[in-house]
Amino acid sequence: MALIPYALTRPFLFGLDPEHAHELTLGSLARLQDTPARCLWTQARVQDPVTVAGLRFPNRIGLAAGLDKNGRCIDGLGDMGFGFIEVGTVTPLGQPGNPKPRMFRLPERQALINRLGFNNEGLDAFLANVQRARRFRAAGGLLGLNIGKNAATPIERAVDDYLIGLAGVYPHADYVTVNISSPNTQNLRSLQSDEALDGLLGALQARRAELAAQHGRQVPMFLKIAPDLDETQVGVIAATLKKHGLDGVIATNTTLAREAVAGLPHAQEAGGLSGRPVFEASNRVIRQLRAALGPGFPIVGVGGVLSGEDARAKIAAGADLVQLYTGLIYRGPELVAEAARALARKG
Ligand SMILES: Cc1cc2nc3c(=O)[nH]c(=O)nc-3n(C[C@H](O)[C@H](O)[C@H](O)COP(=O)(O)O)c2cc1C
């Protein structure tokens, strides 16, 4: 084990345009993940097993969706010590996403703004990558596959895209995440409202029952929601999750709010804000979900985890598991072990 201190790598990466730094890092991970060079970022996985939604997670820290949209680096990322990794969002067809620049750092607040818009290579390429990954799962790591809709699909036909995604990823997933909370696909978040959500989850649940019979295995299905919801909206979502037998909820995606970054460079860029400024909003939604869902319904807490203490706060708010993305950009792989250890110590 020879982890390179991230403090040495970060100044170089932060000297590059954010999306370029991202591509360079993922490209290197993809190239090197099956070579001895992987010892450069490998650290022991904290063993703190917990069973959630019928799945045995080796520890409670996971990688949030969107970092590895095409599932190219599952084994390399797994070497950082995550108990679970969520890849995607994948859409049925490949699409370029929004024009660049579309990713911005706000280092004063340990935050990012992105409006990538589900740039990805599409379902076929994604599934080929997912099937190539072996080491992470062989070591007990769990894989979440996150599905969305193509930008060109009208919102009235969104269900079709989710059904295609569900059927495609089903045989390869430990769990499936239905992402209806990206702010960067027009009208996507309207699927969180009452009737639209009822229709979507009803259709997905029916299809899942067929897939479960076909594959002889019921794969848990999670819904990922936004932080920009009031208590009434959270309550309606909670009731709809239960009505359709969803297995869990991931809270939250990025926020449209800008109060916490007002006046800073890039604060007015369109897109979703992540990192420290979404921490409290996401914790509020987790608390409201826990109150509405009662004990026992799985909640994955995500948004602004930058330390072990932050991970503990997610659990205290009512989450069973914790994911992170922006924290990895600011703190590096060391954060994964720190957060997993923090949860293991406190039980
Ligand atoms: C650059 C970027 C791209 C993202 N892409 C996705 C995505 O494709 N699908 C998704 O469900 N969430 C996506 N997210 C949201 C994250 O998974 C996470 O919910 C959010 O960033 C809050 O967590 P964080 O503060 O730890 O980053 C993305 C976030 C960032 C910063």
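Only a predicted model underlies this, so the values are computations on that prediction, with no experimental measurement involved. For every chain, the first residue of its written sequence is number 1, and the numbers climb from 1 along that sequence. Only residues with pLDDT of 70 or above have their local features reported here, since the model is predicted, and side-chain atom pairs are shown and tallied only from 80 upward, although totals for entire chains, interfaces and linings are computed over all residues. For the side-chain quantities, the full set of heavy atoms in the structure was used; hydrogens and water were omitted.

### Some remarks on the nonpolar core
One broad rule of soluble globular proteins: the nonpolar side chains tend to lie buried together. Threshold: Here, nonpolar core refers to any group of buried Ala, Val, Leu, Ile, Met, Phe, Trp, Tyr and Cys residues whose side-chain atoms link them within 4.5 Å. Relative accessibility thresholds used throughout: buried, under 20% of the residue-type maximum; exposed, over 50%; partly exposed, between the two (1.4 Å probe, protein chains only). Runs of E in the DSSP output that reach at least two residues are strands. Runs of H or I that reach at least four are helices, and both are numbered from the N terminus. We call two residues contacting when some pair of their heavy atoms lies within 4.5 Å.
Core analysis: the largest hydrophobic core is formed by 85 residues, its most contacted members being Ile61, Tyr162 and Leu223. It is helix H7 (residues 194-215) that provides the largest number of residues to this core, a total of 6 residues. Ignoring sequence-local partners within four residues, the contact set of isoleucine 61 consists of Phe82, Gly83, Phe84, Ala311, Val322, Leu324, Val336, Ala339, Ala340 and Leu343. In this structure, Leu106, Leu264, Ala267 and Leu273 belong to the second largest nonpolar core, which totals 8 residues.

### Overview of the UniProt feature "binding site: substrate" (unreviewed entry) in the protein
The criterion, for reference: UniProt positions are given in the numbering used here, feature names are shortened, and annotations may be inferred rather than shown by experiment. Residues are called lining when one of their atoms sits within 4 Å of a cavity or pocket point, these points coming from a 1 Å grid over the protein atoms alone, where a cavity is a set in which a 1.4 Å probe fits but cannot get out and a pocket is an open set with protein on both sides within 12 Å along at least five of seven lines.
What UniProt calls "binding site: substrate" (unreviewed entry) maps, in this numbering, to Lys69, Asn114, Arg115, Leu116, Gly117, Phe118, Asn179, Asn184, Asn253 and Thr254. Annotated residues from the preceding list that form part of the lining of the largest cavity: these are Lys69, Asn114, Leu116, Gly117, Phe118, Asn179, Asn184, Asn253 and Thr254. One can find leucine 116 in the loop between strand E7 (111-114) and strand E8 (120-122). For leucine 116, the residues in contact, after removing those within four places along its chain, are Glu19, Lys69, Gly97, Asn98, Arg102, Met103 and Asn184. Relative to the assigned elements, glycine 117 resides in the loop between E7 and E8. Once residues lying within four places of it in the same chain are set aside, the contact partners of glycine 117 are Gln95, Gly97, Asn98 and Asn184.

### Thoughts on the pairing of strand E6 (residues 103-106)
Inclusion rule: Think of it this way: DSSP has to see at least two bridges between two strands before they count as a pair.
Burial along E6 is two-sided: the face carrying Met103 and Arg105 and the face carrying Phe104 and Leu106 are both buried. Bridging between E6 and E7 involves 4 bridges; their strand directions are antiparallel. The partner of methionine 103 across the bridge, within E7, is asparagine 114. Hairpin geometry of E6 and E7 is characterised by an intervening segment of 4 residues between the two adjacent antiparallel strands and by a positive phi of about 45 degrees at glutamine 110.

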